[in-house]
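Observations on the three-dimensional arrangement
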Amino acid sequence: MNAVTRQARNSSLKKQVLIVGGGLAGLATAESLARNYPERFDITILEAKRSTGGRAGSFQDSKTGGTIDYCQHVAMGCCTSFLGLLERQGLDGQLHRYTRLKFFHPEHAVSTFSPYRWLPAPFHLMPALSNLRYLNRSQRRQIQRALFRLFRTGSDDLTDLLAEPWLEEHGQDQATIKDFWSVIVVSALGESIDRVSLAAVRKVFIDGFAAAHGASDVLVPKLPLADLIGGQLTAAIEQLGVEVKTGRMVRQVSSEKSVVMADGQTLTADHVVIAVPWHCVNDLVPSDAVDNLEGLAAAPASPISGLHLWFDQQITDLPHAVLVGTVAQWVFRQPWEQEQAASGFYYQVVISASQSARCLPRQELIDVVLRELRHAFPAARGARLVQSKVVTDPKSVFSITPQFEEIRPTSSTGLPWLHLAGDWIATGWPATMESAVISGRMAAASVLQSDFGGNLDVEAGLPRGWLARYLIKP
Ligand SMILES: Cc1cc2nc3c(=O)[nH]c(=O)nc-3n(C[C@H](O)[C@H](O)[C@H](O)COP(=O)(O)OP(=O)(O)OC[C@H]3O[C@@H](n4cnc5c(N)ncnc54)[C@H](O)[C@@H]3O)c2cc1C
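About the criteria used
Residues numbered from 1 in each chain as written. Predicted model: local features only at pLDDT ≥ 70, side-chain atom pairs only at ≥ 80, totals over all residues. Helix = DSSP H or I, 4+ residues; strand = E, 2+ residues; numbered from the N terminus. Rg over C-alpha atoms; globule rule 2.2 N^0.38 Å. Buried ≥ 20, exposed ≤ 12 C-beta atoms within 10 Å, placed from the backbone. Contact = placed C-beta atoms within 7 Å. Domains from an automatic or database assignment. Pairing = 2+ DSSP bridges. Axes fitted to C-alpha atoms, helices over the stretch in contact; angles between N-to-C directions. Parallel < 35°, antiparallel > 145°, perpendicular 65-115°, else oblique. Nonpolar A, V, L, I, M, F, W, Y, C, P; charged D, E, K, R; others polar. Near = placed C-beta within 6 Å. Expected span 1.5 Å × (residues − 1).

**Digging into the overall build of the protein**
Of regular secondary structure, the protein possesses 16 helices and 20 strands. In terms of C-alpha radius of gyration, the protein reaches 23 Å, essentially the compact-globule figure of 23 Å for 474 residues. Dimensions of the protein along its principal axes, counting C-alpha atoms only, are 75 × 55 × 40 Å. Here the protein, with 474 residues, has 46% of them falling under the buried criterion. At a minimum sequence separation of 6, the contacts of the protein that also span at least 24 residues come to 73%.

What follows is the structure in structure tokens.
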């Protein structure tokens, strides 16, 4: 048998996998299969848009000509699956890592949150909490008590519970809820504290802060998401042999191991992985394949707004800052070096759970945020805003309510050849890049399981030290 015939034969023995959706979940599914079983699968990603990356993407701004992320994305040190995905493709150097956060409160001096590396987790957080100067001693004590309760309550005991009533029952006054719990919860979960599940809040405070050193480090891409995810990550996955087809919208998955494209073409496969957002699944898959499809489609979403602001001079040299008690929640200075002066000095203000902010007229919202920035940063008072843009995705993230937690499906479906991926899968994580990547791994494991009984583990989280293992229930 000559080499060409052998290659054709090997290729025909390979199982065909179609992945619908080229966001992080679809890319992670492809990477997991292609890297671990290159000889077993032929993998194709079908992405409706002109580029991959999905919600973790960028647009070309017509006025400044720059590539701008729809919204600044950050990862945390605890996001081991997302970081592992980048690392395996040699892209881990494309993130800035910060170990400290600056908190600005309109009525207090600036606070630096910096976990203490000489104390074992979770006690490494205590000096950092004490440094939040806008909290008084009684509030710090309230927080410590509630954190300890969360440590001692297993996540299985928290299903069905809303966070806010639990916090009130556990001695948190309204000011502490507003200035501490809400600040972290809204930016980590993208939803307001009165709607989120307590299990999700526990996840943030334990995995994202308390359980291990480095968990709360903030990682910010050094380049636009279109270049990092849509460009370099996608190219690296193509190098593994995955075919990525963009501008290819799937209209329906039929019950015959095939997908019907928007142009009417039918593609068949051995496995189909659906990696689209939760609100699109119902329209695509056979109704008996997944439980609660209608519940998923109707599940509420939460908006996140990015205010893109160009000034004629620098307003702060901090790479980012957290704003407390204001409409603006985070401000980021442009994290990459590029034509800074030509289009002005670029900053982005992020407002999560922006339901009320987006009801304000655009100019009013910008004026409010400008006043807040000028109050926080003296250099902003002399700066002129030369350009602005407000981008809001009304379905940025699913609202992580107790009801949503209950209906999140696993990657396997009622059909052995049909699998699910997406940040909305039952990963235990809120709608994040980490959840999307974990779901990709779970979908790959589901493919392997149904194909030949194989398995693939999800990346381990950060290792917990002895004290964290002793104090924090699983
Ligand atoms: C404004 C905003 C800010 C955010 N900030 C952060 C952050 O700071 N940190 C963080 O970790 N996460 C953040 N997230 C969440 C993060 O972006 C998502 O959790 C993650 O990108 C979801 O990836 P995914 O692959 O599951 O879904 P998506 O990214 O939505 O990908 C789904 C893909 O499927 C494609 N598709 C849909 N239908 C079809 C079809 N019929 N045929 C073919 N293709 C189809 C879509 O075009 C899309 O590319 C933010 C999200 C938003 C919107």
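**Concerning the domain arrangement of the protein**
When its domains are assigned, the protein resolves into domain 1 (3-55 + 225-299 + 401-452), domain 2 (58-95 + 219-223 + 300-398) and domain 3 (118-212). Domain 1 puts 23 residues into the contact, and the matching count from domain 2 is 22 residues. Taken together, the elements giving at least two residues each to the side of domain 1 that touches domain 2 come down to α2 (24-36), α9 (225-239) and α15 (433-452). Here the element with the most residues in the side of domain 1 that touches domain 2 is α9; it accounts for seven residues.

**Quick notes on the sheet that holds strand β13 (residues 266-268)**
Reading across the sheet, the three strands line up as β11-β12-β13 and stay open at both edges, with antiparallel pairing between neighbours. Edge strands, defined here as strands with exactly one partner in the open sheet, are β11 (250-254) and β13. Neighbour-to-neighbour, the strand axes of this sheet turn through a mean angle of 25 degrees, independent of strand direction. In this sheet, strand β12 (residues 258-261) lies alongside β11 in antiparallel orientation, the contact comprising four bridges. For Val250, the partnering residue across the bridge sits in β12 and is Met261.

**Quick notes on the packing of helix α7 (residues 174-189) against helix α8 (residues 198-210)**
With their axes 10 Å apart at the nearest point, α7 and α8 run at an angle of 95 degrees to one another. Relative to α8, α7 is oriented roughly perpendicular. Touching Ile184, Val185, Ala188 and Leu189 of α7 are Ala200, Val201, Val204 and Gly208, all from α8. Looking at the contact of α7 with α8 residue by residue, the class counts come to seven nonpolar, one polar and no charged.

**As for the site of the ligand**
The local shell around the ligand holds 38 residues, among which Gly21, Gly23, Gly54, Cys71 and Thr432 are the closest. Elements with a minimum of two residues in the shell around the ligand: α2, β19 (385-398) and α15. Per-element accounting of the shell around the ligand gives the leading share, four residues, to α15. Considered class by class, the residues forming the shell around the ligand number 22 nonpolar, 10 polar and six charged. Each of two domains, domain 1 (3-55 + 225-299 + 401-452) and domain 2 (58-95 + 219-223 + 300-398), supplies a minimum of three residues to the shell around the ligand.

**Details of the sheet that holds strand β9 (residues 218-221)**
Spatially, β5-β9-β6 is the arrangement adopted by the three strands of the open sheet, whose pairing is antiparallel. What marks the edges here is a single partner per strand, and that holds for β5 (75-76) and β6 (95-98). Note that β5 and β9 share two bridges and pair antiparallel. Paired with Met76 across the strands is Val218, a residue of β9.

**Structural notes on the environment of His73**
Tracing the sequence through the fold places His73 in the loop between β4 (67-69) and β5. For His73, a count of 21 C-beta atoms within 10 Å puts it in the buried group. His73 sits 368 residues away from Arg441 along the chain, and the two C-alpha atoms are 21 Å apart.

**Focus: helix α13 (residues 362-376)**
Here α13 is 15 residues long and its end C-alpha atoms lie 21 Å apart, about the 21 Å a rise of 1.5 Å per residue gives. In the core, the buried residues of α13 are packed alongside β7 (101-104), β15 (301-311), β16 (320-323), β17 (330-333), β18 (345-352) and β19.

**Concerning unusual backbone geometry**
Here the amide bond leading from Ala121 into Pro122 is cis, since omega sits at 5 degrees, within 30 degrees of zero. Relative to the helices and strands, Pro122 is located in the loop between β8 (111-113) and α4 (125-130). We note that Lys257 has phi near 50 degrees; this positive angle belongs to a residue other than glycine. Along the chain, the position of Lys257 falls in the loop between β11 and β12. A tally of 18 C-beta atoms within 10 Å means that Lys257 is categorised as partly exposed. Of note, Ala353 is a non-glycine position whose phi angle comes to about 45 degrees, a positive value. For Ala353, the position within the fold is in the loop between β18 and α13.

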